[in-house]
Amino acid sequence: MKILSLFTRRGSAPVARDRLQVLLAHERSAFGRTDLVSVLREEILAVIARHVPLEPENVRVRMERGDTMSTLEVEVDIPDTARLRLALTG
Amino acid sequence: MAKVLVVTSGKGGVGKTTSTAALGAALAQSGQNVAVVDFDVGLRNLDLVMGAERRVVYDFVNVIQGEAKLAQALIRDKRIDTLHLLPASQTRDKDALTPEGVARVLDELRERFDWVICDSPAGIERGATLAMRHADVAVVVTNPEVSSVRDSDRIIGLLDSKTARAERGERMEKHLLLTRYDRARAERGEMLKVDDVLEILSIPLLGIVPESQDVLRASNLGQPVTVCAAATPAGRAYAEAARRLSGEAVPLSFSAERTGFLGKLFGRRAA
């Protein structure tokens, strides 16, 4: 029996990974970390950067959570040279 | 422009202080001006790990309370001219760190250095939140072990919500430094793999420091591992991590997924 289990044992790391994934999914929602703001920031940045050269530091995303309504505030600084190019290309 | 970096983890004993000393020394060796700051009031150890324990005269709390000037409290490293240490107080209460005081001292450090590296205490109490408060960049030190990964996840959540940058709606740059990694055990399925931890925490990888006797030896000697054991795998891993922090694209020299002897023997491959 023991020899058999030696060959079939998969190691404990996959168990650790599965336990962590379940636990952290629960804890993130409990502590309010949904990653939403950082995901939104990256995607907004990617969309704008397709048209205008932009530094990641120039995108600010803030979320205020209220009881009945939440607001999302997005602030993007566009450099002067980029604005000029936008105007020229229409 | 100066960058404030916090070395943090949530869990204790994963290698924050060792990593602070090693990264600080490596950045300073490249000619940049570096200050390493111990935020662990009452349980300071960065001085000991850096071999400066007998040179502490004034500390962080003395500077905050106006009992000493910053220049009097900073200890210049004997090996690297551009490396300085601001020790924590060993005798004071941890409430001696005030938010206003910390902000003022960090502003002053920003003017004098290229890098200000804040060695966070374990936990999520005052010392830890103040250490991360003014950071531009965070290095999250994690062991491939369930409790460390869980605590790192919690810390990442705090970095994204409780720091000055997060409150201004700005991006908080976060990096994972995986320490005490044993490739052979990971390949045998006994330890979480690099990819497992990366998938769970989903922040970019700064480096993988292998489990190594050289790290303990370095702290025994009071020398950063990048100074006394630069050519060892651990020393190289830290030196490369420091170059990545400076913006260089450096490939991982410690290939985490390379198949070991046993793996080759049995024809297994790492996932």
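Residues numbered from 1 in each chain as written. Chains lettered and ligands numbered in written order. Predicted model: local features only at pLDDT ≥ 70, side-chain atom pairs only at ≥ 80, totals over all residues. Heavy atoms only, no water.

Enquirer: Sorry, what's going on with the overall build of chain A here?
Expert: When helices and strands are counted, chain A shows four helices and two strands. What you see in chain A, going N to C, is helices and strands ordered as α-α-α-β-β-α. Within chain A, the proportion of its 90 residues that are buried is 17%. Considering only contacts in chain A between residues 6 or more positions apart, those separated by 24 or more positions represent 31%. Here chain A displays about 7,100 Å² of accessible surface, and carbon together with sulfur accounts for 59% of that area. (Helix = DSSP H or I, 4+ residues; strand = E, 2+ residues; numbered from the N terminus. Buried < 20%, exposed > 50% of the residue type's maximum accessible area, 1.4 Å probe, protein only. Contact = heavy atoms within 4.5 Å. Areas by Shrake-Rupley, 256 points an atom, 1.4 Å probe, with all protein chains shown as cover.)

Enquirer: What is the right way to look at the interface of chain B and chain A in this model?
Expert: As a measure of interface size, the accessible area lost when the parts come together is often cited. Listed per partner, the contact involves 23 residues of chain B and 25 residues of chain A. Of the roughly 2,000 Å² buried between chain B and chain A on both sides combined, carbon and sulfur atoms contribute 51%. When the buried surface of chain B facing chain A is broken down by residue, Arg150(B), Arg171(B) and Ile200(B) rank first, second and third, together holding 29% of it. Here chain B and chain A share four salt bridges between them. The salt bridge partner of Arg17(A) is Asp196(B), with a shortest N-O separation of 3.1 Å. Among the elements of the structure, helix H7 (146-159) and helix H10 (194-201) of chain B are those that each provide at least two residues to the side of chain B that touches chain A. For the side of chain B that touches chain A, the element with the most residues is H7(B), which contributes seven residues. Partitioned by chemical class, the residues of the side of chain B that touches chain A number seven nonpolar, four polar and 12 charged. (Buried area = accessible area lost by both parts, 1.4 Å probe. Salt bridge = Lys/Arg side-chain N within 4 Å of Asp/Glu carboxyl O. Nonpolar A, V, L, I, M, F, W, Y, C, P; charged D, E, K, R; others polar.)

Enquirer: Would you mind going over the pairing of strand S2 (residues 34-38) of chain B with me for this structure?
Expert: In summary, the side chains of a regular strand alternate between the two faces of the sheet. All names here are of chain B. Of all five residues in S2, five are buried, a share of seventy percent or more. Every second residue of S2 is oriented toward a common face, with Val34, Val36 and Asp38 on one face and Ala35 and Val37 on the other, all of them buried. Sheet analysis places S2 next to strand S4 (residues 83-86), joined by four bridges and oriented parallel. In the sheet register, Ala35 faces S4, and the bridge partner there is His84. The pairing of S2 with strand S5 (residues 115-119) spans five bridges and is classified as parallel. Note on S5: the bridge partner recorded for Ala35 is Val116. (Pairing = 2+ DSSP bridges.)

Enquirer: Looking at this structure, how should I read the nonpolar core?
Expert: Across soluble globular proteins, nonpolar side chains have a tendency to be buried as a group. Residues and elements named next belong to chain B. Formed by 51 residues in total, the largest nonpolar core has its most connected members in Phe39, Phe60, Leu86, Leu97 and Leu109. Broken down by element, this core gets its largest block of residues, five residues, from H7. Apart from residues no more than four positions distant in its own chain, Phe60 is found in contact with Val37, Asp38, Phe39, Leu86, Pro87, Ala88, Leu97, Val102 and Val105. One finds Leu5, Ala26, Met50 and Ile75 within the second-largest nonpolar core, a separate group that totals 38 residues. (Core = buried A, V, L, I, M, F, W, Y, C linked by side-chain atoms within 4.5 Å.)

Enquirer: Is there a simple way to think about helix H2 (residues 13-31) of chain A in this case?
Expert: All names here are of chain A. The end-to-end C-alpha distance of H2 is 26 Å, a good match for the 27 Å that 19 residues give at a rise of 1.5 Å each. Of all the positions in H2, only Ala13, Pro14, Ala16, Leu20, Leu24 and Glu27 are classed as buried. In an axial view of H2, the angular spread of the buried residues amounts to 155 degrees, which keeps them on one side of the axis. Relative to its buried face, H2 has exposed residues pointing more than 90 degrees away, namely Arg19, Val22, His26, Ser29 and Ala30. (Expected span 1.5 Å × (residues − 1). Arc of directions from axis to C-beta.)

Enquirer: Just checking my understanding: could you explain the packing of H2(A) against H7(B) for this structure?
Expert: Between two packed helices, both the angle of their axes relative to each other and the distance between the axes serve to describe the pair. Viewed as axis vectors pointing N to C, H2(A) and H7(B) meet at an angle of 25 degrees, and their least axial separation amounts to 10 Å. The pairing of H2(A) with H7(B) is recorded here as roughly parallel in orientation. Handedness of the H2(A)/H7(B) crossing: right-handed. Here Ala16(A), Leu20(A), Leu23(A), Leu24(A), Glu27(A), Arg28(A) and Phe31(A) of H2(A) come into contact with H7(B), specifically with Val146(B), Val149(B), Arg150(B), Asp153(B) and Arg154(B). Grouping the amino acids of the contact of H2(A) with H7(B) by side-chain chemistry returns seven nonpolar, no polar and five charged. (Axes fitted to C-alpha atoms, helices over the stretch in contact; angles between N-to-C directions. Parallel < 35°, antiparallel > 145°, perpendicular 65-115°, else oblique. Left-handed = near helix turned anticlockwise from the far one by under 90°.)

Enquirer: Can you walk me through unusual backbone geometry in this structure?
Expert: Among all residues save glycine, negative phi is the norm, and among peptide bonds the norm is trans. The backbone of Arg180(B) shows a phi angle near 60 degrees, a positive value even though the residue is not glycine. Along the chain, the position of Arg180(B) falls in strand S7 (residues 173-181).

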